[in-house]
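Understanding the architecture of this molecule
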Amino acid sequence: AQSVTQPDIHITVSEGASLELRCNYSYGATPYLFWYVQSPGQGLQLLLKYFSGDTLVQGIKGFEAEFKRSQSSFNLRKPSVHWSDAAEYFCAAGPNTGFQKLVFGTGTRLLVSP
Amino acid sequence: GAGVSQSPSNKVTEKGKDVELRCDPISGHTALYWYRQSLGQGLEFLIYFQGNSAPDKSGLPSDRFSAERTGGSVSTLTIQRTQQEDSAVYLCASSLDPGGYNEQFFGPGTRLTVL
């Protein structure tokens, strides 16, 4: 069965420190991969996506993610976290053909300490 | 331009009642999706509409759940005889015709509480 795993439920990072959020997927074929952010009371906003090609993808708000096929991972990173980055982050996978019925991870809540 | 809107933002109902949740997609988006976000869980796909094609209902958890999309635009998700386990945030998303990949834009959700 297709699944996306985010092993960290909560992560606390000091403002200005680097961040890495983990995501592993289990999928029949290499899927399209996404990271979304959800701020309180807001809908999900797409941070970045991977379809093919360069395994390091850049997104909005200074985020990047690296696709590693051998590890079935798509970890999200940011070199310096800002207090406004506190939110919930979701990794998702979708088929590389047809419509995008996304499979989501359970999310990682990021807390930023002063 | 307006994004995806959903109404109501919050809905509290009693067990056994029926509820209707509304989604207004972005104008021009032909694909519409419903997801459910339960506490401590990721988003769960419910149903997908694409143009005039038959919807993909494979994610609906029971026959108490149904959805329709009128005129290729507004969609209504109906839950009949609500149960406490239906309590969740229901998210709607829309995208351009997915001939390839087009980003799904999400609404703010409807928080449903079944007492």
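Residues numbered from 1 in each chain as written. Chains lettered and ligands numbered in written order. Predicted model: local features only at pLDDT ≥ 70, side-chain atom pairs only at ≥ 80, totals over all residues. Heavy atoms only, no water.

1. Describing the overall build of chain B
Worth spelling out the cut-off: Counting from the N terminus, the helices are DSSP H or I runs at least four residues long and the strands are E runs at least two residues long. The quantity called the radius of gyration is restricted to C-alpha atoms. Its globule counterpart is 2.2 Å times the number of residues to the power 0.38. Buried, partly exposed and exposed residues are distinguished by accessible area as a fraction of the type maximum, computed with a 1.4 Å probe on protein chains only: under 20%, between the cut-offs, and over 50%, respectively. Here a residue-residue contact requires only that any non-hydrogen atoms of the pair lie within 4.5 Å. To measure how exposed things are, a 1.4 Å probe is used in the Shrake-Rupley method; for residues, cover is taken only from the protein chains shown. Charge counting follows a simple rule: Lys and Arg are positive, Asp and Glu are negative, and His as well as the terminal groups are ignored. To locate a charge, take atom NZ for lysine, CZ for arginine, CG for aspartate or CD for glutamate.
From N to C terminus, chain B includes 0 helices and 10 strands. Along chain B, from the amino end to the carboxyl end, the secondary structure elements read β-β-β-β-β-β-β-β-β-β. Against the globule reference of 13 Å for 115 residues, chain B gives a C-alpha radius of gyration of 13 Å, in line with a compact fold. Dimensions along the principal axes, computed over C-alpha positions, put chain B at roughly 40 × 30 × 25 Å. For chain B, with 115 residues in total, the buried portion stands at 49%. Contacts in chain B between residues at least 24 apart in sequence constitute 55% of all its contacts with a sequence separation of at least 6. When the accessible surface of chain B is split by element, carbon and sulfur atoms take 45% of a total near 5,400 Å². Averaging the positions of the 10 positive and the 12 negative side-chain charges in chain B gives two centres separated by 6 Å.

2. Examining the interface of chain B and chain A
Our working definition: A quick way to say it: buried area is the sum, across both parts, of accessible area lost when two parts are put together, with a 1.4 Å probe. Salt bridges are identified by distance alone: a Lys or Arg side-chain nitrogen within 4 Å of an Asp or Glu carboxyl oxygen. Here a polar contact is taken to be a pair of N or O atoms separated by no more than 3.5 Å, where protein atoms must pair a possible hydrogen donor with a possible acceptor and residues adjacent in sequence count only if both atoms sit in side chains. Only Asp, Glu, Lys and Arg are considered charged, only Ala, Val, Leu, Ile, Met, Phe, Trp, Tyr, Cys and Pro nonpolar, and every remaining residue, Gly among them, polar.
Between chain B and chain A, the contact holds 20 residues from the first and 20 residues from the second. Summed over both partners, the interface of chain B with chain A comes to about 1,600 Å²; 63% of that surface belongs to carbon and sulfur atoms. Here chain B is connected to chain A by 0 salt bridges. Counting every contact that joins chain B to chain A gives 2 residue pairs in polar contact (both at pLDDT 80 or more). For the side of chain B that touches chain A, the elements supplying multiple residues, two or more each, are β4 (31–37) and β5 (43–50) of chain B. For the side of chain B that touches chain A, the class distribution of residues is 10 nonpolar, 8 polar and 2 charged.

3. Section: the state of the cysteines
Operational definition: Cysteine sulfur atoms are paired as a disulfide whenever they fall within 2.5 Å.
Per the stated rule, a full pass over the model turns up 2 disulfides over all chains. Between the sulfur atoms of Cys23 of chain A and its disulfide partner Cys91 of chain A the distance amounts to 2.0 Å. On the S-S bond that ties Cys23 of chain A to Cys91 of chain A, the torsion sits near -65°, and the link is left-handed. With Cys23 of chain A in the loop between β3 (19–21) and β4 (24–26) and Cys91 of chain A in strand β10 (residues 87–94), this residue pair connects regions lying 68 residues apart in the sequence. Across the pair, Cys91 of chain A and Cys23 of chain A agree in class, each one buried. In this model, Cys23 of chain B is linked to Cys92 of chain B through a disulfide, with the two sulfur atoms separated by 1.8 Å. Note on the Cys23 of chain B and Cys92 of chain B pair: the S-S dihedral is about -65°, so by sign convention the disulfide is left-handed. Note that Cys23 of chain B is positioned in strand β3 (residues 19–24) and Cys92 of chain B in strand β8 (residues 88–95), a separation of 69 residues in sequence.

4. What to know about the sheet that holds strand β1 (residues 5–7) of chain B
All names here are of chain B. Threshold: When DSSP finds two or more bridges between a pair of strands, those strands are recorded as paired. Here, axes are lines fitted to C-alpha atoms. For helices the fit covers the stretch in contact, and angles between N-to-C directions go from 0 to 180 degrees.
In space, the 4 strands of this open sheet follow the order β1-β3-β7-β6, with antiparallel pairing throughout. With partners counted over all chains shown, the strands left at the sheet margins are β1 and β6 (65–69), one partner each. In this sheet, neighbouring strand axes are inclined to one another by 15° on average, regardless of whether the strands run parallel or antiparallel. Of the strand pairs in this sheet, β6 and strand β7 (residues 75–79) are connected by 5 bridges, and their pairing is antiparallel. Along β7, the bridge assignment pairs Ala67 with Leu77.

5. Notes on the pairing of β6 of chain B
Alternating positions in β6 of chain B separate cleanly, Phe65, Ala67 and Arg69 of chain B being buried on one face and Ser66 and Glu68 of chain B remaining unburied on the opposite face. The antiparallel pairing of β6 of chain B with β7 of chain B creates a hairpin that spans 5 residues between the two strands, and Gly71 of chain B there sits at a positive phi of about 60°.

6. A look at the pattern of salt bridges
Under the counting rule described, the total for this entry stands at 8 salt bridges over all chains. Across the salt bridge formed by Arg22 of chain A and Asp8 of chain A, the nearest N and O atoms sit 2.9 Å from each other. Taken together, the residues Arg22 of chain A in the loop between β3 and β4 and Asp8 of chain A in the loop between β1 (3–5) and β2 (10–14) connect sequence positions 14 residues apart. Of the charged contacts, one joins Glu44 of chain B and Arg36 of chain B as a salt bridge, the two residues approaching to 3.1 Å between their closest N and O atoms. Note on Glu44 of chain B: relative accessible area 30%, which makes it partly exposed.

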